[in-house]
Amino acid sequence: MAGLKGKDILHGNQFTKKDIEAIMKVAAEFEKELKGKGALNLLKGKILATLFFEPSTRTRLSFEAAMQRLGGGVIGLGSLEGSSVAKGESLTDTARTVAQYADVIVLRHPRQGSAKEAADAVPIPVINAGDGAGQHPTQALLDIFTMRKELGTLKNLKVCLAGDLKYGRTVHALAEVLSLFGARLFFVSPAMLRMPEEITASLRGRGMEVTETEDLFQAASQCDLIYMTRIQKERFSDLGEYEKVKGSYVIDQEFLSRLKKEITIMHPLPRVDEIHPEVDGYAGAAYFRQMRNGIFIRMALLAMIFGKR
Amino acid sequence: MAGLKGKDILHGNQFTKKDIEAIMKVAAEFEKELKGKGALNLLKGKILATLFFEPSTRTRLSFEAAMQRLGGGVIGLGSLEGSSVAKGESLTDTARTVAQYADVIVLRHPRQGSAKEAADAVPIPVINAGDGAGQHPTQALLDIFTMRKELGTLKNLKVCLAGDLKYGRTVHALAEVLSLFGARLFFVSPAMLRMPEEITASLRGRGMEVTETEDLFQAASQCDLIYMTRIQKERFSDLGEYEKVKGSYVIDQEFLSRLKKEITIMHPLPRVDEIHPEVDGYAGAAYFRQMRNGIFIRMALLAMIFGKR
Amino acid sequence: MAGLKGKDILHGNQFTKKDIEAIMKVAAEFEKELKGKGALNLLKGKILATLFFEPSTRTRLSFEAAMQRLGGGVIGLGSLEGSSVAKGESLTDTARTVAQYADVIVLRHPRQGSAKEAADAVPIPVINAGDGAGQHPTQALLDIFTMRKELGTLKNLKVCLAGDLKYGRTVHALAEVLSLFGARLFFVSPAMLRMPEEITASLRGRGMEVTETEDLFQAASQCDLIYMTRIQKERFSDLGEYEKVKGSYVIDQEFLSRLKKEITIMHPLPRVDEIHPEVDGYAGAAYFRQMRNGIFIRMALLAMIFGKR
């Protein structure tokens, strides 16, 4: 995949199935190499700049760790108050400035389309780490990488996406990527948080089997994997409605024992109540391993962007 | 001391006298090596994560400098607003996530016991950099290392711990560590800020000589070293009481000239009024050298945790 | 220029014309070397500390990038809330502490004279990255480096400094530095934002030709280069006055086409309205290249301070 050299990473659907397989292959190689050597020098002398205009722990830190594990350096806007953004600078001017100092930019910004806007303004690659309700492509890649590792294959997968499917950019991109591998999808959410109609229609238009339901247990019973997401209280005007919904989307020991089969559980984190901590020791609880896979996927993307793989 | 490899550093009393001597030996070696070479590669490819849920300048920066001087990398939560903690994530979930990205965690948190809690949750070593009114073990180690360097020995030391002995986690851990070396201790504080009774009793129970007094000058006259701490205004309900107390715990030129002998002065910093800046040029003023020793002690601990010494 | 080894960089007028030429020579060398190798190891094992008590994007990030491109490490106070400054520590105590951990300090502080104060308190070099309305010497150096690169020479330059000449520390230092190279200067500003009389008088006293005017177009017609700065709304008590002034200091396509000649445009950034984004593609628009030159100048200064050039 020479095609990633010098490229932006903006949108989940910029990748073909073959691209994704190539990225996962490199990620798996880095995982092995790290165990052996610990330190790599592939990106020595390169600098990654993080521009995070919205809260983030795992995405920012995992990019910073990935860059440093490849031997590169990191600079970053620590907080917005301490930057020229506070002086009224436009996103494109900030991005153009940072592009003079760094070799790649990782951007998170609340406005949909902002990553594309920044990418068009600068001569260096931009990686979209979340643009509002838009995309978060590196998350989708690490998610599918985790699925393959946990289940051994991506063939004939039956996957349940559950929780807030309306506002979650993570599940939107993930559904698109899963469609490349022909997964059978179950969308589980309260009525008011259903997957946007255009996404469901587009998936079905491409011949995918998609089931929509409000019943997590019933869907889980038919699946290999539950991808759980957080339901946000602030989306509800009727708090009684929220409490009802919330209660029906909790994975705990009782839920798992009723299921009577092994199932893999993923979550982009942070979680609040939707996965009980008592589940953390369960063999199928993959959400912390999922975090770790973020390092390998981001190492792969960075190395490929710089033409080192 | 192979025993530190892969271990957490949580509490001052996890160390024996022999352990502390081994750590100080390694710290002294690093001090020498840094002068010679400047750059070390011992921890190349390793990543330290700082999780600071409370203000810190010197502890965080000295860990970051120590790690980099050993050739390692650093990632960190810059400010709480910009992290998933703002989304309601638990400490253990945050720690577990960061443990997927880094090789060691340095944690400061306002809740006593939080470092132990995080350490129990993650597979990598956790270093306690202050857990509320609890412990701050690396501070105690750098303090005793400084004492030995300044005074040439730890034998038959007479040490005056002064200021706020009730709330200061620094003096609690230090008193414990000094007890291993058989120091003669003077606790100097206003009545309302006395060393907690259980600590004093425990020290005396182990046969240590401990004198409690409110008179700094009288105690200092019998000591080799004053370890001064900041008295916090907000602890007092009666401000008149505060002003009286505050005035009696100030080290200045006049105080030193009345003493009629050389004495070593330490302070964990930041100071406010309790050591006058005119004292900074005094030969025995060791508090900035004390800061520097923090680098060597933390380099030693990091190297030993990774089994490199 | 062995003379920079171990020295502070505090004030634009600490440099002779020869010094500045030496610094620019080293900067140009680093620009070439970076293109070739990418990674340098000159400052391996050295640590730079950033202490920014005021907002900054480009100055802080470009110092951090410069240090890392030379192989060194960086530590920094991320935000003031998270530091001991919040506990009432004095600037000199903070600087002295940081000087125990790092090999060079880069300081931005709102108080004029603060950089000198910190430099006097610590044994390591301090670089002034802006002290209130005072100085910002590394900006002046990168500006003159940019002028020479853009125009091929610094001889017989005709330069227009425009915008807020009263409060802008950037233009004060730059005027001083330009005077060393015998430039012909045009000061363009509204009456209430004129260059301070003592600076204009001092320049004229040294035999420089200085023209003051409110008419940007007329001045630009006689110049090779416009150095534009931001006019801050908050300086005006009469907003009608602000709107009038603001409108007369805008560089856009229309302005450039009226000029009927090529002109170089610089700006320290961030800009607000004074340069229209439609100008960004103009060949003479040098302000983003100017940002990039900041890396090379700061690499040169750091290398020279450590005696590596």
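Residues numbered from 1 in each chain as written. Chains lettered and ligands numbered in written order. Predicted model: local features only at pLDDT ≥ 70, side-chain atom pairs only at ≥ 80, totals over all residues.

## Focus on the sheet that holds strand β1 (residues 47-52) of chain A
Link 1 in the chain: A sheet is described by the order of its strands in space; here four strands give the open sequence β2-β1-β3-β4 (chain A), paired in parallel fashion. What marks the edges here is a single partner per strand, and that holds for β2 (73-76) and β4 (126-131) of chain A. Averaged over all adjacent pairs, the angle separating strand axes in this sheet is 15°, with direction ignored.
Link 2 in the chain: As defined by bridge partners, β1(A) adjoins strand β3 (residues 104-109) of chain A across five bridges and the pair is classed as parallel. Bridge pairing in β3(A) links A:A49 to A:I105.
Link 3 in the chain: In the packing of helix α2 (residues 58-69) of chain C onto the sheet, the strands contacted are β1 and β2 of chain A, and the crossing angle to β2(A) comes to about 175°. (Pairing = 2+ DSSP bridges. Helix = DSSP H or I, 4+ residues; strand = E, 2+ residues; numbered from the N terminus. Axes fitted to C-alpha atoms, helices over the stretch in contact; angles between N-to-C directions. Contact = placed C-beta atoms within 7 Å.)

## As for unusual backbone geometry
Link 1 in the chain: Look at the link from A:L269 to A:P270: it is a cis peptide, with omega at 0°.
Link 2 in the chain: Tracing the backbone through its elements, the reader meets A:P270 in the loop between β9 (264-266) and α11 (287-305).
Link 3 in the chain: In the Ramachandran plot, B:N156 falls in the positive-phi region, its phi being about 55° despite a non-glycine side chain.
Link 4 in the chain: Inspection of the secondary structure assignment puts B:N156 in the loop between α5 (137-151) and β5 (158-162).
Link 5 in the chain: B:N156 gets classed as exposed once you count the C-beta atoms within 10 Å, which come to 10. (Buried ≥ 20, exposed ≤ 12 C-beta atoms within 10 Å, placed from the backbone.)

## Looking at the pairing of strand β8 (residues 225-228) of chain C
Residues and elements named next belong to chain C.
Link 1 in the chain: Here β8 shows two buried faces, one formed by L225 and Y227 and the other by I226 and M228.
Link 2 in the chain: Note that strand β5 (residues 158-162) and β8 share four bridges and pair parallel. From the neighbouring strand, A162 faces β8, where its bridge partner is M228.
Link 3 in the chain: In this structure, β8 lies alongside strand β9 (residues 264-266), joined through three bridges in parallel fashion. Each residue of the ladder has a partner; that of L225, found in β9, is T264.

All quantities given are derived from atomic positions and should not be read as evidence of function.
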